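Chains, contacts and geometry: an overview
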Amino acid sequence: MFETFAEQVAQISATEWIGVASGLLAVWLSIKEKVLTWPLYIICYLSYALLSWEVKLYPFLGMNLIFIGLSAYGWRKWSRTDQPETADQQIEHCPKQAWLWISILCLVSTIGFGTLFDQYGAYLAYADAFAASVALSAQWMLGRRYLETWALWILSDIIYIGLWSAQAYWPTVGLFGIFIILAIKGYREWHQTIDQRSA
């Protein structure tokens, strides 16, 4: 068993290691509200776009390509000032109306993309489509500095742990596990920021 695991580790591509390293650093810096998070996210998403093609996680591939655009949006929005906490960029709760649209879009895109990619032999297409829809919503919310971004990341990460572990991409499984821990940390820190502002 050890030999099998060692062989799997030895076969891990540079692309996956780059994705893991840039992803971890990007999430850490996003918790700290550092603008550098966005170019690192772009590197991570490019890496995983390539990997997802290999394992037929087509919604995940599409999600990562869209994430590159959303990262450019977040990069521009966060770069408007040297101070992250400007009047229009404070951490806040996601508005109820936005939740309604997020829910509808997640449902429609899960059914639509799940059905589409299932016809092309995608691996667990509906689970992948749902996780991708949730993650896209989380990425948009991160750009807007909505606290609940972290809850959506946790949900998506849990699903992706299952999808990637089934295909023995262990560094990526570890990455998503660490993402969950960092998302919990991010939620707590951002929630504390809101509480301090309200006090």
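The structure reproduced in this document is the subject of the present report. (Residues numbered from 1 in each chain as written. Predicted model: local features only at pLDDT ≥ 70, side-chain atom pairs only at ≥ 80, totals over all residues. Heavy atoms only, no water.)

To continue, consider the overall build of the chain. Looking only at helices and strands, one finds eight helices and zero strands in the chain. Within the chain, buried positions represent 46% of all 199 residues. Counting every atom, the chain has about 10,200 Å² of accessible surface; 67% of that belongs to carbon and sulfur. (Helix = DSSP H or I, 4+ residues; strand = E, 2+ residues; numbered from the N terminus. Buried < 20%, exposed > 50% of the residue type's maximum accessible area, 1.4 Å probe, protein only. Areas by Shrake-Rupley, 256 points an atom, 1.4 Å probe, with all protein chains shown as cover.)

In total, this model carries three salt bridges according to the counting rule given. Salt-bridge contacts for lysine 32 lead to glutamate 189; the nearest nitrogen and oxygen are separated by 3.5 Å. Residue lysine 32 is located in the loop between helix H2 (14–31) and helix H3 (37–54), and its partner glutamate 189 is located in helix H8 (residues 170–198); the two are separated by 157 residues in the primary sequence. The exposure class of glutamate 189 is partly exposed, given its relative accessible area of 22%. Across the pair lysine 185 and glutamate 189 runs a salt bridge whose closest N-O atoms are separated by 2.5 Å. Residue lysine 185 and its partner glutamate 189 are both found in helix H8; the two are separated by four residues, about one turn of the helix. Bridged by salt links that share partners, the residues Lys32, Lys185 and Glu189 form one connected network. (Salt bridge = Lys/Arg side-chain N within 4 Å of Asp/Glu carboxyl O.)

Before going further, it helps to examine the packing of aromatic side chains. Scanning the model with the defined rule gives 17 aromatic pairs in all. With a centroid separation of 6.1 Å and an interplanar angle of 85°, the aromatic rings of tyrosine 48 and phenylalanine 60 are classed as edge-to-face. Linking tyrosine 48 in helix H3 with phenylalanine 60 in helix H4 (residues 58–78), this pair joins segments that are 12 residues apart in sequence. The class of tyrosine 48 is buried, set by a relative accessible area of 3%. Residue phenylalanine 60 is classed as buried on the basis of its relative accessible area of 3%. Joined through ring pairs, the aromatic side chains of Tyr48, Phe60, Tyr160, Trp164, Tyr169, Phe176 and Phe179 make up one cluster. (Phe/Tyr/Trp six-rings, centres within 6.5 Å; stacked < 30°, edge-to-face > 60°.)

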